[in-house]
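Here are the chains, one letter per residue:
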Amino acid sequence: QELVREHVYGIDGSKPGSVHLVAGGSQCVYIAAKLCVIEDLLKPQQRYFEGHNADVSCLNVAPKLDLAISGQQEPPGVGSSYACVWCPSYPSRALCKLHCYIDRSEPCKGGEVPRHRDRKEGEVDFPHWVDPTTVTEAQLRGISAVAISASGRFAVMMAMDEQRSIALFRLPTFCSKPVTAEPTQTYVVRIPEMLMRGSGNITEMAITNPFDSEER
């Protein structure tokens, strides 16, 4: 027999800024291992976002757009950390997955195999995929902080690698519009709009401009 999750008890309170009220304050979103839990505060009911393959390490929301963004630790085996943009009202799958691939100025060295895209059912590359021999996935060593702009146009994630990388992503235009149903596909954004190298301590929390708008 398979185990069926009935309820999640406990919360990871070690991550700054990772507990948020949504839905006008009637629901709470928080981290529990690989899950993001959406807890109804008026009745004992939970829903879950399950789009990560390692423990969730950070969480943030854009409440006016009913959007959340979550980052994760480095997964076991092949692959690197990524972030997910999703809707707390419709958490069955991610709207976007944010990976960090970087350009290669030189061809692969002898014996080195380029990382081809790992496309799962229902995933769509945004923008269209580029030649896999010209890009490679950056090893971010975990995501320490994430944020999404109030307009839904951009998202940012801060990494735990030695360079303390900061990746800024331009999101698909539908992220700026209200989500009205469970998503049927996930857009995978692999190339950041901008990749910066930070320094010093790991960034533990990111806050965006709450007055951001399409006119700005």
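Data block above holds the structure.
First things first, this report covers the structure right here in the doc. Just so it is clear, the model here is predicted, and its values are computed rather than measured.

Rules behind the numbers
- Residues numbered from 1 in each chain as written.
- Predicted model: local features only at pLDDT ≥ 70, side-chain atom pairs only at ≥ 80, totals over all residues.
- Heavy atoms only, no water.
- Helix = DSSP H or I, 4+ residues; strand = E, 2+ residues; numbered from the N terminus.
- Buried < 20%, exposed > 50% of the residue type's maximum accessible area, 1.4 Å probe, protein only.
- Contact = heavy atoms within 4.5 Å.
- Areas by Shrake-Rupley, 256 points an atom, 1.4 Å probe, with all protein chains shown as cover.
- Core = buried A, V, L, I, M, F, W, Y, C linked by side-chain atoms within 4.5 Å.
- Pairing = 2+ DSSP bridges.
- Axes fitted to C-alpha atoms, helices over the stretch in contact; angles between N-to-C directions.
- 1 Å grid on protein atoms, 1.4 Å probe; cavity = no way out; pocket = protein on both sides within 12 Å on 5 of 7 lines; lining within 4 Å.
- Points joined across faces, edges and corners; volume = space filled by probe spheres on them.
- Nonpolar A, V, L, I, M, F, W, Y, C, P; charged D, E, K, R; others polar.
- Disulfide = S-S within 2.5 Å.

A short note on the overall build of the chain
Then, in step 1: Regarding its fold elements, the chain presents 0 helices and 16 strands.
Then, in step 2: Here the chain holds 216 residues, and 44% of them are scored as buried.
Then, in step 3: If you take every contact in the chain between residues at least 6 apart in sequence, the share linking residues at least 24 apart comes to 55%.
Then, in step 4: Carbon and sulfur atoms make up 53% of the accessible area of the chain, which totals about 11900 Å².

Some words on the nonpolar core
Within soluble globular proteins, side chains that are nonpolar tend to cluster in buried spots.
Then, in step 1: Ranked by size, the top nonpolar core spans 26 residues in total, and within it L67, I69, L98 and M157 carry the most contacts.
Then, in step 2: Of all elements in the fold, only β5 (56-62), β6 (67-72), β7 (83-86), β8 (96-98), β12 (143-148), β13 (154-159) and β14 (165-170) reach the threshold of two or more residues within this core.
Then, in step 3: Among the nonpolar cores identified, the runner-up in size contains 14 residues, and V22, V29, V56 and L59 belong to it.

What about the sheet that holds β14?
Then, in step 1: The 4 strands are arranged β12-β13-β14-β16 in an open sheet whose pairing can be described as antiparallel. If you trace the sheet from one side to the other, it starts and ends with β12 and β16 (194-197), each paired once. This sheet shows a mean twist of 15° between the axes of neighbouring strands, independent of strand direction.
Then, in step 2: The pairing of β13 with β14 spans 5 bridges and is antiparallel. Paired with V156 across the bridge in β14 is L168.

Overview of the environment of A159
Then, in step 1: With respect to the secondary-structure elements, A159 resides in strand β13.
Then, in step 2: Classification of A159 as buried rests on a relative accessible area of 3%.
Then, in step 3: Considering only alpha carbons, one finds A159 and Q139, 20 residues apart in sequence, at a separation of 9.1 Å.
Then, in step 4: The contacts of A159, once residues within four sequence positions are left out, are L140, G142, I143, S144, R164 and S165.

What to know about empty space enclosed by the protein
Then, in step 1: Applying the stated criterion to the full structure yields 1 cavity of 30 Å³ or more.
Then, in step 2: By volume, the largest cavity is sized at about 50 Å³.
Then, in step 3: Surrounding the largest cavity, P16, G17, C58, L59, N60, A145, V146, E204, M205 and A206 form its lining.
Then, in step 4: At 3 residues, the largest contribution of residues to the lining of the largest cavity is made by β5.
Then, in step 5: The residue inventory of the lining of the largest cavity, partitioned by class, reads 7 nonpolar, 2 polar and 1 charged.

A few points about the state of the cysteines
Then, in step 1: All told, the structure shown has 0 disulfides when counted by the stated rule.
Then, in step 2: With no disulfide partner, C84 has as its closest neighbouring cysteine sulfur the one in C36, 8.2 Å distant.

Structural measurements only, silent on function.
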